[in-house]
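Descriptive analysis of the structure
Below, each chain spelled out in residue letters.
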Amino acid sequence: AQKVTQAQTEISVVEKEDVTLDCVYETRDTTYYLFWYKQPPSGELVFLIRRNSFDEQNEISGRYSWNFQKSTSSFNFTITASQVVDSAVYFCAPLGGAGSYQLTFGKGTKLSVIP
Amino acid sequence: NAGVTQTPKFRVLKTGQSMTLLCAQDMNHEYMYWYRQDPGMGLRLIHYSVGEGTTAKGEVPDGYNVSRLKKQNFLLGLESAAPSQTSVYFCASSYGVSSYNEQFFGPGTRLTVL
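These remarks concern the structure in this document. Each chain has its residues counted from 1, following the order in which its sequence is written. Following the order in which they are written, the chains are lettered starting with A and the ligands numbered starting with 1. Only residues with pLDDT of 70 or above have their local features reported here, since the model is predicted, and side-chain atom pairs are shown and tallied only from 80 upward, although totals for entire chains, interfaces and linings are computed over all residues. Only hydrogens and water are removed before side-chain values are computed, so all heavy atoms of the structure are retained for them.

Digging into the overall build of chain A
Of the regular secondary structure elements, chain A holds zero helices and eleven strands. Here a helix means four or more residues in a row that DSSP labels H or I, a strand means two or more in a row labelled E, and each is numbered from the N terminus. If you list the helices and strands of chain A from N to C, you get β-β-β-β-β-β-β-β-β-β-β. For this measure, only C-alpha atoms enter the radius of gyration; the expected value for a globule follows 2.2 Å times N^0.38, where N is the number of residues. Expected size for 115 residues packed as a compact globule is a radius of gyration near 13 Å; at 14 Å, chain A falls within 12% of this value. For the exposure calls, accessible area comes from a 1.4 Å probe over protein chains only, and a residue counts as buried if that area is under 20% of its type's maximum, exposed if over 50%, partly exposed in between. The buried share of chain A, reckoned over its 115 residues, is 48%. For chain A, the proportion of contacts with a sequence separation of at least 24, taken over those separated by at least 6, is 52%. Separation of charge centres in chain A, based on 10 positive and 12 negative side chains, amounts to 4 Å. Any two residues whose heavy atoms approach within 4.5 Å at even a single point are treated as in contact. In summary, the charge assignment counts Lys and Arg as positive and Asp and Glu as negative, without counting His or the chain termini. Think of each charge as sitting on NZ of Lys, CZ of Arg, CG of Asp or CD of Glu.

In structure tokens:
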């Protein structure tokens, strides 16, 4: 069975601190995709990034960076120099193997950035 | 482009009433999805469609029906609403023949069943 775990339920940081959000995906699939979505207090879901299981290179986009380690099934997301606008719930959502259409959402990590 | 839109934004029903939620997308996406989000939970897939005229069950399909008569629209129906269906409902769509394309979400519909 596939299982996605976001162990951090809530995190609070002071503005300008760096913060890392953890996601662990347990699966027997050898090929899969991982998505991160952001849900700000307004409620909409915003797509952040998609990574595949055969690409373990870190990716950086502005203040965001992602680290994927297939050996530990962990797909971590780091925000550098956090800002108040980063306050949101962040969801890790793996998509299963070939032919799968179902995103399996983690329970999310609520990030609060304090000014 | 409006992207993915949902109608209505809010609704209150009494137990046993029926209603239909409408999702529309103007991105010519093949795939469409209905999710529900409960407090403290991630989203769970109710039903999805991989093309006009096709639908399939997701993780939590009981108590819901769907139809995809037109490519741009995906309807979610509740025939006899129950308090357990109180939730926020999100529609999403994605493009192309590969399932790895990101899903674009609508703004959500907040449904309360009394």
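Having put the structure on the table, let's press on.
Considerations on the sheet that holds strand β7 (residues 65–67) of chain B
All names here are of chain B. Strand pairing requires that DSSP identify at least two bridges connecting the strands. Read from one edge of the open sheet, four strands run β1-β3-β8-β7, paired in antiparallel fashion. At either end of the open sheet lies a strand with only one pairing partner, and these are β1 (4–7) and β7. Each adjacent strand pair in this sheet contributes to an overall mean axis angle of 20°, direction not counted. Pairing of β1 with strand β3 (residues 19–25), which is carried by four bridges, proceeds in the antiparallel orientation. Whenever a helix is involved, its axis is fitted only over the stretch in contact; in every case the axis is a line through C-alpha atoms, and angles between N-to-C directions fall within 0 to 180 degrees.

Things to note about the side chain of Asp-38 of chain B
All names here are of chain B. Position of Asp-38 among the secondary structure elements: in the loop between β4 (31–37) and β5 (43–51). Accessibility expressed as a relative area gives 11% for Asp-38, which makes it buried. There is a polar contact of 2.7 Å between the side chain of Asp-38 and the side chain of Arg-44. The contacts of Asp-38, once residues within four sequence positions are left out, are Arg-44, Thr-86 and Ser-87. Pairing of N or O atoms within 3.5 Å defines a polar contact, subject to two protein rules: one partner must be a possible hydrogen donor and the other a possible acceptor, and residues neighboring in sequence count only if both atoms are side-chain atoms.

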